[in-house]
Amino acid sequence: MATATPSEIRVGAHHEPHLGFLRSYVFSVDHKVIAKQYLGLSLFMALLGGAAAYLIRWQLAWPETYVPGWGYVEPQQYNAIITMHGTIMIFFVAMPFVLGAFGNFLIPLMVGADDMAFPRLNMMSFWTLFVGSAVLIASFFVPAGPAAGGWTAYAPLSARPIYTGVTWGQNLWLIAVAIEFASFLMGGINFLTTALNMRVPGMTLWRLPMLVWTELIAAVLFMLSVGPLIAGAFMLLLDRIAGTSFFVPDKGGDPLLWQHLFWFFGHPEVYVVGLPGFGIMMEIIPVFSRKPLYGYKTIVWGMIAAGVLSFVVWAHHMFVSGIDPRLATPFSITTILISVPFAIIVFSLLVTLWGGKIELTSAMLFAVGGLATFIIGGVTGIFLGSAGLDVYLHGTYFVVAHFHYTLMPLAIFGGFAGLYFWFPKMFGRMMNETLGRIHFLATFICFNCVFIPLFLAGVAGNPRRIYEMSSYDFLKPAQPLHVIATIATLGLLAGQIPFIINFFMSLVRGRKAERNPWHANTLEWCTDSPPPHGNFSQPMVVYRDPYEYGNPDAPKDWMAQNEPPAAPAPLGGGQIRRTGTR
Amino acid sequence: METLLESAATRAHYIAIWRWLVVLAIAALGVSLLPISKIAALVLIFGIAVVKAAMVMRDYMHLKAETLIIHAIALIPILLFIGLALTLIPDIALRH
Amino acid sequence: MGASAHAPTAVAAVNDDAFKDIARGRIAVWWFLASEIMVFGGFITCYVLFRYAHGGWEDAARHVNWKLGAVNTVVLLTSSLTMILAHHAVKVGDKQGVKTFLGLTIALGLTFLVIKGFEYHAEFAEGFTPLSGLFWSFYFLMTGLHGLHLLVGIIINLSLLVMALRGTIWACGDRVELGGLYWHFVDVVWIFLFPLLYLT
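Residues numbered from 1 in each chain as written. Chains lettered and ligands numbered in written order. Predicted model: local features only at pLDDT ≥ 70, side-chain atom pairs only at ≥ 80, totals over all residues.

Participant: Help me out: how do you make sense of the overall build of chain A in this one?
Facilitator: Helix and strand counts for chain A stand at 17 helices and zero strands. Against the 2.2 N^0.38 benchmark of 25 Å for 582 residues, chain A shows a C-alpha radius of gyration of 24 Å, consistent with a compact globule. With the principal axes as the frame, chain A shows a C-alpha extent of 75 × 55 × 50 Å. (Helix = DSSP H or I, 4+ residues; strand = E, 2+ residues; numbered from the N terminus. Rg over C-alpha atoms; globule rule 2.2 N^0.38 Å.)

Okay, structure coming up:
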């Protein structure tokens, strides 16, 4: 091909161009700035999502009482709040957190590139997401309130304004979510192209740090699964605005089709959010165990297998939706099958911990705590995968507890672990470990105290999506469980205060971070903290696997990826002195 | 850079493909007017559409000269949505 | 054209995997097209399943103008030819050819949209709107989105034409190829929409 130029590897720090404030901090094309913008957006949206959780839990524990700081939660408001809690937490917190922030910050650094493959597209994808968030927030203020049809927006509830009483709120919800999809499709182009095409010499696919692998697989899953739902969103929007009846049965539409389109995306989406969380754990656990990651290739193949299987499990969300029974059995089988690759990942991480020199920093605590918590989520998933048991459990709080036990450990515990771990690299300062450990303990204990009672309530048959439970006699015995869960929720929310204090205090007053405070191997630790514009001052060359820790024959217990084999003269920025205290 | 001769040959190839595409389009129209069974007509018409699409992708979008990764990016989604459609047949198409 | 030609030889040996030699632009555009395949695939899936489920859509489908649709098919196929010839002209350095063929492609694209506009007009005049039943909802939604994609393609080609007129197109060689990939994709979508909506 005459036009196909070989992918050039742009290396070397560029002289920082003198751009104005707007171009350096707002409309920046630097992947590091964009990552911080994603981080800021996701943490801001997390405040909204957390506030929604507070209102939901208060209403469930002490129904129709005055909620401090808000007032009374009306039934219609309650529906809107649970809808917005789900939408915000999945699409506008978890995705920007683990994909937007960590993917953007780390993929170029970890493969040794100076930026993403398409920096301007990268900027555009963030601002597209920003517009999406703005549209979603705007939907709180339109007449008749925000969407109230659940975060899954099941038709026909969502397809006609008359059913929920929501008019523009649901339309804006659809538009916001569609914009969010467009944003992450654009981001995915960058993830894929950068990870495949911008690797420095020596960085083969089998030497990629796990985080890059997970972001890559997540980007592929997202791209392949979201298309039919975008089509469905167009159709649902037309149903609402123009009055067509794609999903309304009165003129031949089929509500079940929306559920299929939604979950064909929705299930891979769980792994889109979850795998990068695992990626963060897989970076952190070897560092603080001083051991190589166990079973690198097995994990990669396991994740690819999980990715493939994730496209054939979606109907397990619909066992009680009236799907054809002939579909239920195959989907049960695939769902139970998909626990195998995840078991491989979990056991590999456990074996990595085994016999290691474990150091419980805040990052490690969140990584291990998240892993432990995820196991509960994963195991309860097997219950729900069995169609027969799912029929009993699906409409109950068991499902609520289950998906919080899968998504929270991966996206939120994983995200916090990553933040404590890479904060020095992002902002050039260390975070306070004491506050970090307090944050972990509060989060870990309270999180379990919220959702273990909900598992029990679910097994007892407590249906979810009920505004006011005290009017049902059969639910009265479950009420104490809800009170415990709510008190724990208050603790969970209060437990984030040390983090907020820590975050802003460390930004300003934290101890200056050296290049490699954790003595880690991957390439991002071979440059300054924070990395300069252009990331690396010298061309990087990779000679090793990413997890060479604790080799008894080596002079020190870590070998950076760019450290040449047994060559006395260092090549590139690989010479790292053991300085500072840990 | 190609030689002049090769360049003329490539051009002629592009035009030949176009000629086939137009012929096939007309053939599909012809099939729709033929007095044959509905199933046979559907098979023929969509068979022709697949051939046309394959020709455009192979020769105009240069899929024949692409590497494995591009082939995968192009073909996996096609297989995936066909799989989606097949899986949904019992639920959506046969329920009424 | 090895990507690692300038790297130390010891490293080059472990770096020869298949992905790095592909121009970034082509990976990106194909990736975008793959997501588009899933979107249009979603529409087509829904349409085919509904059509199978309900039956009786033939009566509605009889009212679309297959003659204009067939003309449009030929117009779009021809525009694909002129697009690939524009790409070919870039490749062989034919300065006039690039301008001519890009101009022709744009003109053919606009012709398609104009004919489509006449079709819509006639259908609305007969009283067929997106609310006249599921077939018409699908018809207007899918052809409308296809038309929007074509419009985007025309805008892309216009920007390429401006670059060709200014002579700046020669500095960024593969843009016409990338624009062409998108254009051909829109053509491929029509190749399936035409029999789905007009011929069955």
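Participant: Looking at this structure, I do not really get the interface of chain B and chain A. What am I missing?
Facilitator: A common measure of how large an interface is: the accessible area buried when the components associate. The interface of chain B with chain A comprises 12 residues on the first partner and 15 residues on the second. Per-class residue counts for the side of chain B that touches chain A are 11 nonpolar, no polar and one charged. (Contact = placed C-beta atoms within 7 Å. Nonpolar A, V, L, I, M, F, W, Y, C, P; charged D, E, K, R; others polar.)

Participant: Just checking my understanding: could you explain the packing of helix α7 (residues 210-241) of chain A against helix α8 (residues 255-289) of chain A for this structure?
Facilitator: Between two packed helices, both the angle of their axes relative to each other and the distance between the axes serve to describe the pair. Residue and element names in this part refer to chain A. Between α7 and α8, whose axes approach to 8 Å, the crossing angle comes to 160°. Looking at the two axes, α7 sits roughly antiparallel to α8. The element α7 and its partner α8 pack so that their crossing is left-handed. Partitioning the contact of α7 with α8 into residue classes produces 24 nonpolar, four polar and three charged. (Axes fitted to C-alpha atoms, helices over the stretch in contact; angles between N-to-C directions. Parallel < 35°, antiparallel > 145°, perpendicular 65-115°, else oblique. Left-handed = near helix turned anticlockwise from the far one by under 90°.)

Participant: Any chance you could explain the packing of helix α3 (residues 75-111) of chain A against helix α14 (residues 397-427) of chain A here in plain terms?
Facilitator: All names here are of chain A. Their axes nearest at 10 Å, the elements α3 and α14 cross at an angle of 35°. As for the relative orientation of α3 and α14, their crossing is left-handed in sense. From α3, A94, F97, V98, F102 and F105 reach across to α14, where they touch L407, A411, G414, G415, G418, W422 and M426. Looking at the contact of α3 with α14 residue by residue, the class counts come to nine nonpolar, three polar and no charged.

Participant: Teacher, can you tell me more about unusual backbone geometry here?
Facilitator: Most peptide bonds are trans, and most residues other than glycine sit at a negative phi. Residues and elements named next belong to chain A. Here the bond from A155 into P156 is cis, since omega is 0°, no more than 30 degrees from zero. Mapped onto the secondary structure, P156 falls in the loop between α4 (119-138) and α5 (161-164). Looking along the chain, the bond that leaves S529 and enters P530 is cis, with omega of -10°. Assignment of secondary structure puts P530 in the segment after α17 (496-509).

Participant: Could you clarify how one ought to interpret the nonpolar core in this entry?
Facilitator: Note that soluble globular proteins tend to have their nonpolar side chains buried in a common cluster. Counting residues in hydrophobic clusters, the biggest one holds 286 residues, and the most contacted among them are A94(A), V273(A), M281(A), I284(A), A367(A), A417(A) and W31(C). The two domains that each donate at least three residues to this core are domain 1 (1-65) and domain 2 (66-96) of chain B. When sequence neighbours within four positions are dropped, the list of residues in contact with I284(A) reads A363(A), M364(A), A367(A), A417(A) and F421(A). (Core = buried A, V, L, I, M, F, W, Y, C linked by C-beta atoms within 7 Å. Buried ≥ 20, exposed ≤ 12 C-beta atoms within 10 Å, placed from the backbone. Domains from an automatic or database assignment.)

Participant: I would appreciate a short explanation of helix α5 (residues 95-125) of chain C in the present structure.
Facilitator: Residue pairs three or four apart in sequence face the same way in an α-helix, which turns once every 3.6 residues. All names here are of chain C. The first and last C-alpha atoms of α5 sit 46 Å apart over 31 residues, in line with the 45 Å expected at 1.5 Å per residue. If you check which residues of α5 are buried, you get V98, F101, L102, T105, I106, L108, G109 and F112. As for α5, its buried residues are in contact with α4 (66-92), α6 (134-166) and α7 (175-199). (Expected span 1.5 Å × (residues − 1).)

Function-wise, these values are silent; they only describe arrangement.
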